[in-house]
Amino acid sequence: GSAYFSGLEVKAAMIPLSALGGSRPPGPDAGGDGAGPGMVPMSSLSSGAPSAKAPGTAPAAPAASEAAAPQAETGPTPEQPPESTEQVAEVGKVGKEALDPLMPIVIPNQGEDSRPVPKQVQCLENGTDLFKMFEVDMNKFDASQTRKAYHKMATFVHPDKLGREPTDADRARFTKLKQAYTVLMDEQLRAVYRQHCFGIAGTGGCPPQGHDAALGKALEMARELRKMGEERALVLYKAAEVGWSEVQKDQDGRAMRGDGRKLAHKFNIFQDISSEDDDGELDKERRGLTVEQILERSPKYADKFLDKVKPLLVEPKVSKSAAGGAFTMLEEPKLMDLLNESAKTVQRHVRKCRTALKQMNWAMTSLLAHKDSPWRGLEVKGSLAEHGCVKLLELMKSGMAVGKFSEVHEEEFAKLVDNLHRLYMDIFERRGQELLKAAIQAELNVIYLLPESGGRLPDGSRVLLQDLVARADLNGKAGKIASWDFALQRYTVEIEKEEKKKETEAPANPDMFGLGDVEEDEEDDTEKNQIELAVPKKLMVLPKNVLVDLGTPKKALDSLVKDWNVWRKRPRSVSASQDAEAVAAALGPPLESMANFLQDAAQAVATGSATGRDGAELIADDTRQALSNARNLAAKLLGEEPQEPPKAPPLNEPAPALVPFQGETVSQALKEAAEVAQASIELNKEKKEKKRSRSRKRRRKRSSSSSSSGKKKRKK
């Protein structure tokens, strides 16, 4: 363990070099190794050799030797071969980079002072494979599920969330969690880990080696990738300083082409070293989406863009904070200082903006010909912003490799910030208008479902069947109202087909399936199909046999309340000429009142959904009042005149509409039009009669001429 502890640091005191050697039997104070005062003899560093104390020096402090004792447990076991070149990541350093996530981690043992390990993170020490650790499927990897599991486990091991002073074991445990997350989130490292952990059958495969060996292989590859990135950075630095000449020579050494001097920004050698990218997830999400689904997900894309661009716009070197959580863009932002101080942070934010813009622009293009597209007029601004992100990221590679940025970087960064700010303001305003219109529409989606609405339930409402006597087995079934029969005064309900998922899991080896198991599954499927055939697709029921399901409007109201609160808490851009305090005082109370109205309506509908028909009757008035207040306030904020909702669909068939009398002018025009129509009809009749009379005369002439000619022939 001497190679491991040679660079170890302790917060309280330094470890004496004498503790790194073998045992020190008591001996004379004077040594014969020629060590000067205050120095440790070289013989003390050899294992098992007696070490002597320098003359005039005091013996080692017991506190320092005691401090070294618990640290010695963190090193590798004595059985580890000394010729191994792999070093274990160090534990106990003061700096933040003390533990390297790409090196093997050994969690130290604290002895009697060790604290119990939480059950949620015991998987970090007992050899559990990474897929079980993060509860993800090995064959169908889900990045979002892995991210959620990582944040869940980080709450138990993060040094800032422990509520106490973290120990070396806590730091090592958190680094081990980051290590596992890094390997699993990268596609190449995940493939290497899976290959060596579970093995690959067949020629050219490998046997399963377990979690520890597979993790070591993946970390070794990660270190090689990091080293490759550093080498490419050096090449790029050389290209930026002296340029790059590509010369092709023939066998005699003569140049075949002229020297092509390239600058650093023309190289593509700094492309993604690893395969981790978000394009795969975006393509996976887009695949198979219809136009209606894209239209439904467009608000989510807009919210994602607003969230990703927010850290870049509220940066103190880009804007200054204003009253009410707003911000004002600086006339001369300090972009060069921002690039020099935190280039990696800027690069990370720009990458997130590029991803959000890429998804948003794809939705814009897909809905270009749709009449209800929410992106109308933003296509050019979105394309400019995405192009600016891509260009700035390419330019930043050379600046980060060299360590300095030029005026070109600052100019492109300024253009990008301006485009992002303009697009942010437009989408922020449109998103607010969409939510206000959704608040007005929410009233129409709820009030007709409440008791005493003055009519029947609208078509498409989701209901539950109840109190059926002839078909008691259908009680509790869910369905949607298809139509209303005015003569029979009954609803036609389309019963929903219940889709039950198979609970049986497939075995690990598909070859273990037996014919008997397959036959039993087929018999079970036929029985289920026979049972489902007995359930009718449609059913006519009385109004008392349907119970409105308020779960759907409850979810819609909860989502609207959440989106509204998120939107009103986002920072609003205020120009330097505007009074930020006046804007906040004018918009703050109405926006908060709207949130309260929507929250009251959502709580009332949730209560009615949980308590059934009796509860719905109790909360009907409160819900109508809250939604009416929200509708009036939304219309006022939109600059429109509030309108009362139309009446509920009637129970009885409405009478045919009568054309009201609209004055002498209209009646005179109608009378003249009727006279003209009558005159044209009479003219058409006369023309037809004339045609008929002429044709009759011609027929008579022909018949008379033919009869006379026949008589003459007979006489002859």
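Structure report, in brief. In this text the structure is predicted, and so the values were computed from the model without any measurement.

Another point: the layout of surface pockets. Over the atoms rolls a probe the size of a water molecule, and in doing so it shows where empty space is left. Computed from the structure, the second largest pocket encloses a volume of approximately 1100 Å³. Lining the second largest pocket are 29 residues, with Pro299, Arg431, Glu434, Leu435 and Ala438 positioned closest to its centre. At 11 residues, the largest contribution of residues to the lining of the second largest pocket is made by helix H13 (residues 407-446). When its residues are assigned to classes, the lining of the second largest pocket shows 13 nonpolar, 5 polar and 11 charged.

To continue, consider the packing of aromatic side chains. In this description, an aromatic ring pair is defined by two values, namely the gap between the centres and the angle between the planes. Taken as a whole and judged by the stated rule, the model has 9 aromatic pairs. Each ring, one from tryptophan 564 and one from tryptophan 567, has its centre 5.2 Å from the other, and the planes form 35°; the classification is tilted. One end of the pair is tryptophan 564 and the other is tryptophan 567, both in helix H15 (residues 551-568) and 3 residues apart, which spans about a single turn. Look at tryptophan 567 and you get buried, because its relative accessible area is 6%. A connected cluster of aromatic rings, assembled from ring pairs, spans Phe327, Tyr424, Phe428, Trp564 and Trp567. A cation over an aromatic ring shows up here: arginine 190 above the ring of phenylalanine 141, its NZ or CZ 3.9 Å from the ring centre.

Here we come to the pairing of strand S6 (residues 478-485). Here strand S5 (residues 462-465) pairs with S6 via 3 bridges, running antiparallel. When the bridges of S6 are listed, leucine 464 appears paired with alanine 478. Note: S6 against strand S7 (residues 490-495), 6 bridges, orientation antiparallel. Across the sheet, residue isoleucine 481 finds its bridge partner in S7, namely valine 493. Taken together, S6 and the strand that follows it, S7, pair antiparallel across an intervening segment of 4 residues, in which glutamine 489 is found at a positive phi of about 55°.

Counted by the stated rule, this structure contains 27 salt bridges. A salt bridge links arginine 431 to aspartate 303, with the shortest nitrogen-to-oxygen separation between them at 2.9 Å. Taken as a pair, arginine 431 in helix H13 and aspartate 303 in helix H9 (residues 291-313) lie far apart in primary sequence, 128 residues in all. The same class applies to arginine 431 as to aspartate 303, namely buried. The salt bridge partner of arginine 431 is glutamate 434, with a shortest N-O separation of 3.4 Å. Of this pair, arginine 431 and glutamate 434 both sit in helix H13, separated by 3 residues, roughly a single helical turn. With a relative accessible area of 29%, glutamate 434 lands in the partly exposed category. When salt bridges that share partners are traced, they join Asp303, Asp307, Arg431, Glu434, Asp563 and Arg570 into one network.

Mapped onto the fold, threonine 146 is located in helix H4 (residues 143-157). On the accessibility criterion, threonine 146 (0% relative accessible area) is buried. C-alpha separation for the pair threonine 146 and phenylalanine 131, spaced 15 residues apart in sequence, amounts to 8.9 Å. Sequence-distant contacts of threonine 146, that is, excluding residues within four places in its chain, are made with Phe134, Val136, Phe141, Tyr181, Leu184 and Met185.

A few words now on unusual backbone geometry. Positive phi, normally seen in glycine, also occurs at glutamate 135, with a value near 55°. When its relative accessible area of 62% is taken as the criterion, glutamate 135 is described as exposed.

Moving on, we come to empty space enclosed by the protein. Taken as a whole and assessed by the stated rule, the structure comprises 3 cavities of 30 Å³ or more. Looking at the largest cavity, its volume works out to about 70 Å³. Lining the largest cavity are Ser298, Pro299, Ala302, Pro374, Trp375, Leu378, Ile427, Arg430, Arg431 and Glu434. The greatest single-element share of the lining of the largest cavity, amounting to 4 residues, is contributed by H13. Residues of the lining of the largest cavity, tallied by class, amount to 6 nonpolar, 1 polar and 3 charged.

The contact between H15 and helix H16 (residues 580-638) brings their axes to 11 Å, and the two run at 165°. Our classification of the angle between H15 and H16 gives roughly antiparallel. Seen from above, H15 lies across H16 with left-handed handedness. Residue-level contacts link Gly551, Pro553, Lys554, Leu557, Asp558, Leu560, Val561, Trp564, Asn565, Trp567 and Arg568 of H15 to Leu591, Glu592, Met594, Ala595, Leu598, Gln599, Ala601, Ala602, Val605, Ala606, Ser609 and Leu627 of H16. For the contact of H15 with H16, the class distribution of residues is 15 nonpolar, 4 polar and 4 charged.

Quick notes on the rules
- Residues numbered from 1 in each chain as written.
- Predicted model: local features only at pLDDT ≥ 70, side-chain atom pairs only at ≥ 80, totals over all residues.
- Heavy atoms only, no water.
- 1 Å grid on protein atoms, 1.4 Å probe; cavity = no way out; pocket = protein on both sides within 12 Å on 5 of 7 lines; lining within 4 Å.
- Points joined across faces, edges and corners; volume = space filled by probe spheres on them.
- Helix = DSSP H or I, 4+ residues; strand = E, 2+ residues; numbered from the N terminus.
- Nonpolar A, V, L, I, M, F, W, Y, C, P; charged D, E, K, R; others polar.
- Phe/Tyr/Trp six-rings, centres within 6.5 Å; stacked < 30°, edge-to-face > 60°.
- Buried < 20%, exposed > 50% of the residue type's maximum accessible area, 1.4 Å probe, protein only.
- Lys NZ or Arg CZ within 6 Å of the ring centre and 35° of its normal.
- Pairing = 2+ DSSP bridges.
- Salt bridge = Lys/Arg side-chain N within 4 Å of Asp/Glu carboxyl O.
- Contact = heavy atoms within 4.5 Å.
- Axes fitted to C-alpha atoms, helices over the stretch in contact; angles between N-to-C directions.
- Parallel < 35°, antiparallel > 145°, perpendicular 65-115°, else oblique.
- Left-handed = near helix turned anticlockwise from the far one by under 90°.

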